[in-house]
Structures are given as C-alpha cells and as structure tokens.
Amino acid sequence: MDFKIVAEYFDRLEKISSRIQLTNLLSELFLKTDKQHVDKIIYIIQGKLWPDFLGMPELGIGERFIIKAVEAATGISESSIDKRLNEVGDLGEVVAELKGKVDSKSLSTFLGINQNSLTVEMVYDTLTRIATMTGERSRDLKIKLLTGLIKQSSPLEAKYIVRFVEGKLRVGIGDSTIIDAMALAYTGEQQNSEIIERAYNLRADLGTIAKILVKDGIEAIKNVKPEPGIPIRPMLAERLSEPSEIITKVNGRALVDYKYDGERGQIHRREGKTFIYSRRLENISSQYPDVVEYINKSVKANNFIIEGEIVAIDPESQEMRPFQELMHRKRKNDIHSAVKEYPVKVFLFDLMFLNDEDYTVKGQLERRKALEGIVEQNENVTIANSVIVSNVTELERFFYQAINEGAEGVMVKSISEDSKYQAGARGWQWIKLKRDYRNEMADTLDLVAVGAFYGRGKRGGIYSSVLAAAYNPHKDVFEALCKVASGFSEDDLAELQKRILQWRRENKHPRVESKLEPDIWLEPAVLMEIRGAELTLSLNHPCCSDVFKKDVGLSVRFPRFIRWRDDKSPEDATTTDEIIEMYNNSRMEIKSESSEEAT
Ligand code: ATP
C-alpha cells in the first residue's frame, strides 16, 4: 500500500473540525488499507509503532537530529532550517515546504519521472529499524535512515514522517474515533463500536483487535477474552464525599478496602514470566525488579492477571510513605540503589484472569476469594486490608482507621450480582472516599492543558497560565473548564515553557472546545492535577454547557496547579460526567448545611 494514500488522508483529517467527518474519513482510509497492514496503520495513527505495553524502545530522535537529517536530504543548511522553524513553529510544515522547493528543481521532476514509491511497509520497517537500533554508532545510522526516507518521500509524506518521528502527528484522532471508524468500515454499522470497545478494554491493543475484526469478523470480537501479557484497561472509581450516599449507591452492603497512595500495578504472569503494567498500560517491570521477585515468591499460580497498589515504605518503621516517594525512586538512574533506598510493598486488590479463566465476568467477592486463594501473604505482598460494611457507622469507622494507618481513604466496592470487573470504565461499582479537605473541592481534577497565556509583571515574557480542559467521552472532545494561574513554582514554570514549546500549535485543535482565545494553543497531550475551591456556573467556559442552564457552563474557582500527571493520557482526564456529579454533590452539601443552620 502506498504511503502517499496515508499522507493524503492525514492531510484531509487534519483540516476537519467535526468528529463525525473525522470518523467517516478515517473509515474510508481503513477501507483502502490492505488487510494485512491494518494494525500498522492503526499504530501509526496512534502515533506509535507498536502498543506501549510491549516495552519496546521509542523512536528516540531529538529535534536537532531530525534537522540534521532534513539538511542531508534537502541540501538546505541547518541554520536556514532553524530560521524557518522559528517562523513557522512546526518542523513537519517546514520540511514539506523545503522539500517542495528542492523537488521542483530536481531533474527527475523536470523529466516527469515519478520517484515517489514509498509504501507503508517501507516507512514502517525503516522507522522500526530506527527505533530498535542500539550501540555506539546508532545515532548516525538513525539519521542516515531518516535522511533516506525524507529523500524518497514527497513533500506531504515528509511532513507526516517528520511529525511522526517527533512524536507530534497532530491529526487529532483519539482511540474512540478509531474504534468508531473501524466499526463503520469493517461491519457497516457504527453501533458495533461498543463490541469493539469491550474487546479493546480487555486487550489494550487496537492493532491486534483490528486484525481479528478484519480476518474473523465481529463475532470473533465478541469472544475476545483477556490474555496474560496483554494489559487490560483498568476499572476506575467514581467519587463521593458523603458516606451515607455511598451506602445508598451500593444498595446497603459493600466490600471496603483501604485506598493506598502509590502506583497502580497490573501484574501478569505468562509462561513463567512476570510483567507489571502501569495505569497507562506501559510495561514498568524493569522499574520494579523487587516487585517482580516478591510476586514470583508469593503468588502461587502460573497464568494470571492481578492488580494492586505499589506503595513506598519507610525501611525503618515499615510505615507507608506518600506517592511522591515513588517518583523520587523513578528519577534515580541506577535501579539497584533505587530499590534499596526506596523499598516498596504491594497491596493486591483484584484478580481478572486465572488459569485460562476470565474472571472479569465474575462478581467482586468471587474475584477476591480467588485472589486470596493464590497469594501467600508476607511482609512484601499482602491483600488490601478490607471489611464488609452494611451501614454508615461501619463505613466511617473503617475510613478513620484507614486514615490513621496512613492510607488515603477507602475504596468502597459493590458486591451485588453484577459487580463484574468493568475494564476501561469509571462506574459506581467502585466509589472512592478520600480525606476531607475543608473549604476545598473533595477531590483534585486531572485536566488537559489545551492553551497558554503570557504572564504580566514579574512573570512577563513567559507563559504563566494554562487553559485547562476536561474530557467529554460522549463527544470525544476536551472542554475548557478553567484558567490555571497559581500554584506554579519557579521549577514548574520552567517545565511549563518546555512543554509549551513541545506541544504548541498554530490553531485550536479540532477536539478542543473553548470560549477563551489563549495566546498559544496546545496539542491536548499533557495532564495537570489541579485543586480548586469549588465548582461554579460560568459564562466563560464551555465545559458542561447547557447541563444546568442554557449557554452556561461550569468552571473552577481559584484553581491551583499541583503537579503534572504524566502517568495518565489525555482521555484519562477528569470527565465532564464526573464534574457534573461533583457539582451536584456540592450543591447537595450546601443545601444540607443551610437546612442544619435553619434548625
Ligand atoms: P483514577 O485512577 O480513578 O483516575 P487517580 O489516579 O487520580 O484516579 P485516585 O482518585 O486517588 O487516583 O484513586 C484511584 C486509584 O486508587 C486507583 O487507580 C488505584 O491506583 C488506587 N487504589 C489504591 N487502593 C486501591 C484499592 N484498594 N482498590 C482499587 N484501587 C485502589
């Protein structure tokens, strides 16, 4: 299949601003794709060469080296490329422009000879060689290979190859658009996207799912089960701050776990090997050799998928340490000294697959029982501390006990008939109850940075505030919610400038909705955790517009930056549904406070 077709579709996709058009056009591209290469096309659209969980190397070519390859391919000097890049801001655009100029002067163009013969396989294979090449001279060889690709490509192809290598494809397509387009192209009905999504939730590899769909049809997709070695998209919790509401939501009885403050780990064993995947489904096994060893010793089964929280532990007192401690551990280069300096413990809380059997379809208590059946608990691995509660007093008592012992709160888990493991979904089967923050919102929000504003006064000349958006999964768009201007330390501001440089774009991204016009638009790529005083109705932001009042949205009062959340992807941002729920809850609290005052 010619890469030219892909580049032309990318060009058309980039100019589209409606989600429906994106889906239709993408499904057209799928219909033109050779069946055996559908997985490659999907990974390329996702901006990858393979799914993250394989733990394979990334492309790893910095901007400077790409510029060197462009220089070698076009004969245009590095300084001229730099100059143009400063004016245009997008290396992909610059390459297309320069390549166009050079090609128009070439002899083959003059003679009408079509040099352009790049296929998807050639591009994919060369990029794979670039990514996997190691050793002393690998950097030079990588530049050489990229130079060859640029030389052989048309200006439009070069634009997307360079953007891909930079990690900024910018065609504006998320997983749910890909799934809708797959359903449309290969089954004729977009409704089937639900079936595809279920399979994707259980096996987080869209390329493989597409291959199954193309080869064996939608019935085969219905039968997809989890498989050790391929991560499951994690089940997520809703949040409430009122224990009585929680008890009502879970129909009076629930399993309640300590909520540990660490890193979520999905642990797989397959053919004698143990793998750990992060919440973002990246392979983090090499960061936790100690956890791999602990699990190998204490989990008595050969074929499983289980889940737990990896928590930093004080080596002296054995008390739990906060999440930040794990981040210190990650920053250390030498993993062996990191393991010694920052010991961890694993608190297991779920089991999704055991001995060839899919446990995601079983109830919460059956899963917990099976987990208890295979774990020999010791000082390094235990099962989450839990009780079954059937009233508010019991829930509150356990909650305070959890806080006293250094947990963040509790996770309340439904034990009803249908308390299945809902992969990839945030639902009321799990509800988090965290420490109460007086005068503040009950929880922090994870918002996507979609634009930035220049500072004034002391912060003049640099970007000092960020337009932040929540994710609307129904429309697959990011809706601006607030402008975050405080909470940034000097280091955070320096980091902010770097991220803006990396993700800036000429115009608003098609999946972003905003009423404000920032000084610079950003690719919706990075998440920030923020805390605010409260949610309020707002005319300035489109988030949750028309839900409470016509043409009025919601916003956050006094939003404060807490930290970057690189462990989450844009679609993991706090959703508009969660924000609506939080706003409803805060209104209920105000009502009950004023009725208490009245009595
Ligand atoms: P989320 O994962 O819901 O998007 P988050 O990453 O901001 O949110 P929190 O809101 O603090 O984290 O809580 C959810 C996380 O709590 C889970 O992803 C999991 O890592 C962690 N956790 C700790 N203890 C448990 C437990 N017993 N059961 C389930 N999750 C737990």
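Worth saying up front: this structure is predicted, and the values here are computed from it rather than measured.

Observations concerning the packing of aromatic side chains
One pass over the full model with this rule turns up 15 aromatic pairs. The interplanar angle of 20° and the centroid separation of 6.0 Å between the aromatic rings of F30 and Y186 together place this pair among those described as stacked. Note that F30 is positioned in helix α2 (residues 19-32) and Y186 in helix α11 (residues 175-187), a separation of 156 residues in sequence. Look at F30 and you get buried, because its relative accessible area is 1%.

Remarks on the site of the ligand
Not every one of the 19 residues close to the ligand is listed here, only the nearest: K259, R279, E309, K413 and K432. At 3.2 Å from a nitrogen atom of the ligand is found a side-chain nitrogen or oxygen belonging to D257. At 3.3 Å, a side-chain N or O of R565 approaches an oxygen atom of the ligand. Top element by residues in the shell around the ligand is strand β11 (residues 426-434). It accounts for four residues. Classifying every residue of the shell around the ligand by side-chain character gives six nonpolar, no polar and 13 charged.

So, the packing of helix α6 (residues 91-104) against helix α10 (residues 155-166)
At a closest axis distance of 8 Å, the pairing of α6 and α10 adopts a crossing angle of 150°. Relative to α10, the element α6 is oriented roughly antiparallel. Our pair here, α6 against α10, has a crossing hand that is right-handed. Contact residues: α6 offers L91, G92, E93, V95, A96, K99, G100 and D103, while α10 offers P155, A158, K159, V162, R163 and E166.

Some details on the domain arrangement of the protein
Domain annotation of the protein identifies domain 1 (48-166), domain 2 (236-436) and domain 3 (445-590). Domain 1 and domain 3 are separated by 34 Å when their C-alpha centres are compared.

Focus on the pattern of salt bridges
Side-chain pairs of opposite charge can arise whenever the charged atoms involved come near each other. Summed over the entire model, instances satisfying the criterion amount to 55 salt bridges. In this structure, E366 and K362 form a salt bridge, with 3.7 Å as the shortest nitrogen-oxygen distance. The exposure class of E366 is partly exposed, given its relative accessible area of 43%. Look at K362 and you get buried, because its relative accessible area is 16%.

Calculation notes
- Residues numbered from 1 in each chain as written.
- Predicted model: local features only at pLDDT ≥ 70, side-chain atom pairs only at ≥ 80, totals over all residues.
- Heavy atoms only, no water.
- Phe/Tyr/Trp six-rings, centres within 6.5 Å; stacked < 30°, edge-to-face > 60°.
- Helix = DSSP H or I, 4+ residues; strand = E, 2+ residues; numbered from the N terminus.
- Buried < 20%, exposed > 50% of the residue type's maximum accessible area, 1.4 Å probe, protein only.
- Near = heavy atom within 4 Å.
- Polar contact = N/O pair within 3.5 Å; in protein donor to acceptor, adjacent residues only side chain to side chain.
- Nonpolar A, V, L, I, M, F, W, Y, C, P; charged D, E, K, R; others polar.
- Axes fitted to C-alpha atoms, helices over the stretch in contact; angles between N-to-C directions.
- Parallel < 35°, antiparallel > 145°, perpendicular 65-115°, else oblique.
- Left-handed = near helix turned anticlockwise from the far one by under 90°.
- Contact = heavy atoms within 4.5 Å.
- Domains from an automatic or database assignment.
- Salt bridge = Lys/Arg side-chain N within 4 Å of Asp/Glu carboxyl O.

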